[in-house]
Amino acid sequence: MNFCPICSSAEIERKIPEGDNLERDVCNKCNEIFYTNPNIVTGVLAYTNDDELILCKRSIEPRSGYWTLPAGFLENGESIEEGALRETFEEAKLYVDDVKLFTILSVPHINQIYTFFTGKVANYDFGPTPESSEVKLFKYDDIPWSELAFPTVIKTIKLFLEHGDNEVFNEVLKPKA
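Now for a description of the structure that goes with this document.

Each value, and the rule that gives it
- Residues numbered from 1 in each chain as written.
- Predicted model: local features only at pLDDT ≥ 70, side-chain atom pairs only at ≥ 80, totals over all residues.
- Heavy atoms only, no water.
- Helix = DSSP H or I, 4+ residues; strand = E, 2+ residues; numbered from the N terminus.
- Buried < 20%, exposed > 50% of the residue type's maximum accessible area, 1.4 Å probe, protein only.
- Contact = heavy atoms within 4.5 Å.
- Areas by Shrake-Rupley, 256 points an atom, 1.4 Å probe, with all protein chains shown as cover.
- Lys, Arg positive; Asp, Glu negative; His and termini not counted.
- Charge placed at Lys NZ, Arg CZ, Asp CG, Glu CD.
- Expected span 1.5 Å × (residues − 1).
- Arc of directions from axis to C-beta.
- Patch = residues over 30% accessible without salt bridge, like charges linked within 9 Å, V, L, I, M, F, W, Y side chains within 5 Å.
- Salt bridge = Lys/Arg side-chain N within 4 Å of Asp/Glu carboxyl O.
- Pairing = 2+ DSSP bridges.
- Phe/Tyr/Trp six-rings, centres within 6.5 Å; stacked < 30°, edge-to-face > 60°.
- Lys NZ or Arg CZ within 6 Å of the ring centre and 35° of its normal.

Of the regular secondary structure elements, the protein chain holds two helices and eleven strands. When the helices and strands of the protein chain are listed from N to C terminus, the series reads β-β-β-β-β-β-β-α-β-β-β-α-β. Expressed along its principal axes, the backbone C-alpha trace of the protein chain runs to roughly 60 × 30 × 30 Å. Counting the 177 residues in the protein chain, one finds 41% classified as buried. Taking all contacts inside the protein chain whose residues are at least 6 apart in sequence as the whole, residues at least 24 apart take part in 60%. Of the roughly 10,200 Å² of accessible surface on the protein chain, 48% is carried by carbon and sulfur atoms. The positive charge centre, built from 17 side chains, and the negative charge centre, built from 30, are 5 Å apart in the protein chain.

In structure tokens form, the structure reads like this:
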């Protein structure tokens, strides 16, 4: 940060504010403290009663051309469920029913928290959007594991295939050494 967004001062210093225990950007002119917090990503693992789930082929970076569950960043003013449903429609033109929180995955090395819900596919006229070049139902046995975009997606799908949607899983994902 070069300038204070409150007073426009260039007197920004990285320091531990009084009463805190972590370094923050602090404006030495107006004393405003600027906190940087993790981003929340939310989405849906949408499935059918025929042992299929929806995957979207990304048409945007990162990982363009790889398959993923429909998901994206939570917006201010949304609940995580509202954000998950919005992202699912934005990326797949898909509606889901029987929505349940399924995974909460902390990824501290990239400052992100992922929440995935499960939900039953409610409409079959889903399809690609500007964010997804392809949207497809995959039989569980035909999931393209080597073409999945993110470890959080792989983990969520594996937990779903192993346990169904009867539990909520909360885990910390660490980078591979």
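After that view of the structure, there is still more to cover.
This paragraph deals with helix 1 (residues 80–92). Between its first and last C-alpha atoms helix 1 spans 18 Å; for 13 residues at 1.5 Å apiece the expected length is 18 Å, and the two agree. Of all the positions in helix 1, only Gly83, Ala84, Glu87, Thr88, Glu91 and Ala92 are classed as buried. Down the axis of helix 1, the buried set is contained in an arc of 135°. They therefore lie on one face. Buried residues along helix 1 sit against strand 4 (39–47), strand 5 (52–58), strand 7 (71–73), strand 9 (112–121) and strand 10 (132–139). Within two residues after helix 1, Lys93 carries a phi angle of roughly 50°, on the positive side.

Where like charges cluster on the molecular surface, the negative patch consists of Asp50, Asp51, Asp141 and Asp142. Mapped onto the elements of the fold, Asp51 is located in the loop between strand 4 and strand 5. Residue class for Asp51 comes out partly exposed when judged on its relative accessible area of 47%.

Once that is clear, we can look at the sheet that holds strand 3 (residues 33–34). Taking strand neighbours across the sheet as the criterion, the three strands line up as 1-2-3 in an open arrangement whose pairing is antiparallel. A strand with exactly one partner marks an edge of an open sheet, and here the two such strands are strand 1 (12–15) and strand 3. Here strand 1 runs beside strand 2 (residues 24–27); their pairing, made up of four bridges, is antiparallel. Its bridge partner being in strand 2, Ile12 is matched across the sheet by Cys27.

All right, on to helix 2 (residues 151–163) then. With 13 residues, helix 2 extends 18 Å between its outermost C-alpha atoms, agreeing within 8% with the 18 Å of an ideal straight helix rising 1.5 Å per residue. All of the buried residues in helix 2 are Thr152, Val153, Thr156, Ile157, Leu159 and Phe160. The arc that holds every buried residue of helix 2, seen down its axis, measures 160°, which confines them to one face. In helix 2, those exposed residues whose orientation departs by more than 90 degrees from the buried face are Pro151 and Glu162. Looking at the packing, one finds that the buried side of helix 2 touches strand 4, strand 5, strand 6 (67–68), strand 8 (96–107), strand 9 and strand 11 (169–172).

Before going further, it helps to examine the packing of aromatic side chains. Throughout the structure, instances matching the rule amount to eight aromatic pairs. Residues Phe89 and Tyr95 carry aromatic rings whose centres are separated by 4.9 Å and whose planes lie at 35° to one another, so their mutual orientation is tilted. Geometrically, the ring pair formed by Tyr124 and Phe126 is tilted, given 6.4 Å between the ring centres and 50° between the ring planes. For Tyr124, a relative accessible area of 53% corresponds to the exposed category. For Phe126, a relative accessible area of 17% translates into the label buried. Linked through ring pairs, Tyr47, Phe102, Tyr140, Phe160 and Phe169 together constitute an aromatic cluster. One cation-aromatic arrangement involves Arg63 over Tyr66; the distance from NZ or CZ to the ring centre is 3.8 Å. Over the ring of Trp145 we find Lys158, and its NZ or CZ is 5.8 Å from the ring centre.

These results come straight from atomic positions and should not be treated as a statement about function.
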